[in-house]
Amino acid sequence: MARIRYILAATALLSFFLTSCFDEVAPGNYYTFTGNTVASFLEENEDDFSSFIHILRKSEIWGELKTYGNFTCFAPTNDAIGKFLDSRGQTLEDLTKQDCDTIAWTHLIKSTFFIKDIPEGSFPMVNMNDRFLTLSFDSLGGTEGSGRLRYCVNRNTHIIESDDTVQNGVIHIVDGVISFGGDYIFDMIQKDSNSRIFAEALRLVGLEDSLKAWL
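What counts and how
Residues numbered from 1 in each chain as written. Predicted model: local features only at pLDDT ≥ 70, side-chain atom pairs only at ≥ 80, totals over all residues. Heavy atoms only, no water. Patch = residues over 30% accessible without salt bridge, like charges linked within 9 Å, V, L, I, M, F, W, Y side chains within 5 Å. Areas by Shrake-Rupley, 256 points an atom, 1.4 Å probe, with all protein chains shown as cover. Salt bridge = Lys/Arg side-chain N within 4 Å of Asp/Glu carboxyl O. Lys, Arg positive; Asp, Glu negative; His and termini not counted. Charge placed at Lys NZ, Arg CZ, Asp CG, Glu CD. Helix = DSSP H or I, 4+ residues; strand = E, 2+ residues; numbered from the N terminus. Buried < 20%, exposed > 50% of the residue type's maximum accessible area, 1.4 Å probe, protein only. Pairing = 2+ DSSP bridges. Contact = heavy atoms within 4.5 Å. Phe/Tyr/Trp six-rings, centres within 6.5 Å; stacked < 30°, edge-to-face > 60°. Lys NZ or Arg CZ within 6 Å of the ring centre and 35° of its normal.

With that settled, the discussion passes to a negative patch on the surface. Judged by side-chain charge, Glu46, Asp47, Asp48 and Asp79 come together as a negatively charged surface patch. Ranked by residue count, the leading element in the negative patch is helix 3 (residues 46-58), at three residues. By relative accessible area, which is 43% here, Asp48 ends up partly exposed.

The following block contains the structure:
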């Protein structure tokens, strides 16, 4: 009888400690999203971002943007991507997997940065294409004293809406495709006065286009 009472007491004590532990860890273990992710935000505004969604899906990063994480996403509108493609004589379907990787990675930073917190200059962290993006300002004009400033990324793309917070980061809507930055390998060889013969040889054997591919 004494042994039975001991077992019952031990069982009750163990149950108390287990219940206390589960009560403490449950909130973290069972956390679920209560708002948009980067991906669902874009999907809810598909009329404006269907081209960017296509690029993100083809680059195979779409699934990552639907889950936990911290991202800064510069989302170009359909008009922005349309102008970019027109300038190159391409359609959305012409973009290869490598092209989509370059565009997608250029527009994503794996950390959260609000524009209101960033001074003029480089962002504190490289984008997923291993390039630093820069933030600068220019004026929208107007009468004297009434001009408004607007934010520019890499000096060629304007932010038209900033700091849209989502569960896994922040989204800034931009009016252009952000420049990838840097010269192509072929251009660097051609600019070097000691390598111009080599550059001409590359061009003659048909390697110029390959060395101008997006990386």
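Let us keep going from here.
What follows deals with the pairing of strand 6 (residues 157-166). Taken together, the two bridges between strand 5 (residues 149-153) and strand 6 define a ladder with antiparallel strand orientation. Residue pairing for strand 6: Val153 is matched across the bridge by Thr157. In sequence, strand 5 turns back onto strand 6 through a hairpin of three residues, with Asn154 there showing a positive phi of about 55°. Where strand 6 and strand 7 (residues 169-174) come together, five bridges link them in antiparallel fashion. Paired with Glu161 across the strands is Ile173, a residue of strand 7. In this antiparallel pair of consecutive strands, strand 6 and strand 7, the connection spans two residues.

Now for helix 5 (residues 97-106). Where burial is concerned, most of helix 5 is hidden: seven out of the ten residues are buried. Residues Asp99, Cys100, Asp101, Thr102, Ile103, Ala104 and Thr106 constitute the buried set of helix 5. Elements that come into contact with the buried residues of helix 5 comprise helix 3, helix 4 (78-87) and strand 2 (108-109).

Let us now look at the pattern of salt bridges. What the rule picks out here adds up to five salt bridges. One salt bridge in this structure joins Asp101 and Lys97, with 2.9 Å as the shortest N-O distance. Of this pair, Asp101 and Lys97 both sit in helix 5, separated by four residues, roughly a single helical turn. The buried category is assigned to Asp101, whose relative accessible area is 10%. The shortest N-O distance in the salt bridge between Asp138 and Arg150 comes to 2.8 Å. Of this pair, Asp138 sits in strand 4 (residues 134-139) while Arg150 sits in strand 5, and the two are twelve residues apart along the sequence.

Under the counting rule described, the total for this entry stands at three aromatic pairs. Judged by centre distance (5.6 Å) and plane angle (85°), the ring pair of Phe74 and Phe123 falls under edge-to-face. With Phe74 in strand 1 (residues 71-76) and Phe123 in the loop between strand 3 (121-122) and strand 4, this pair connects stretches of sequence that are 49 residues apart. Given a relative accessible area of 0%, Phe74 falls into the buried group. Ring plane angle 55° and centroid distance 5.1 Å describe the contact between Phe137 and Tyr151, whose orientation is recorded as tilted. Pair noted here: Phe137 is in strand 4 and Tyr151 is in strand 5, with a separation of 14 residues, a long-range link. According to the relative accessible area criterion, Phe137 is partly exposed, its value standing at 31%. Put simply, the rings of Phe74, Phe113 and Phe123 pair up and form one aromatic cluster. The ring centre of Phe114 lies 5.3 Å from the NZ or CZ of Lys116, which sits over that ring.

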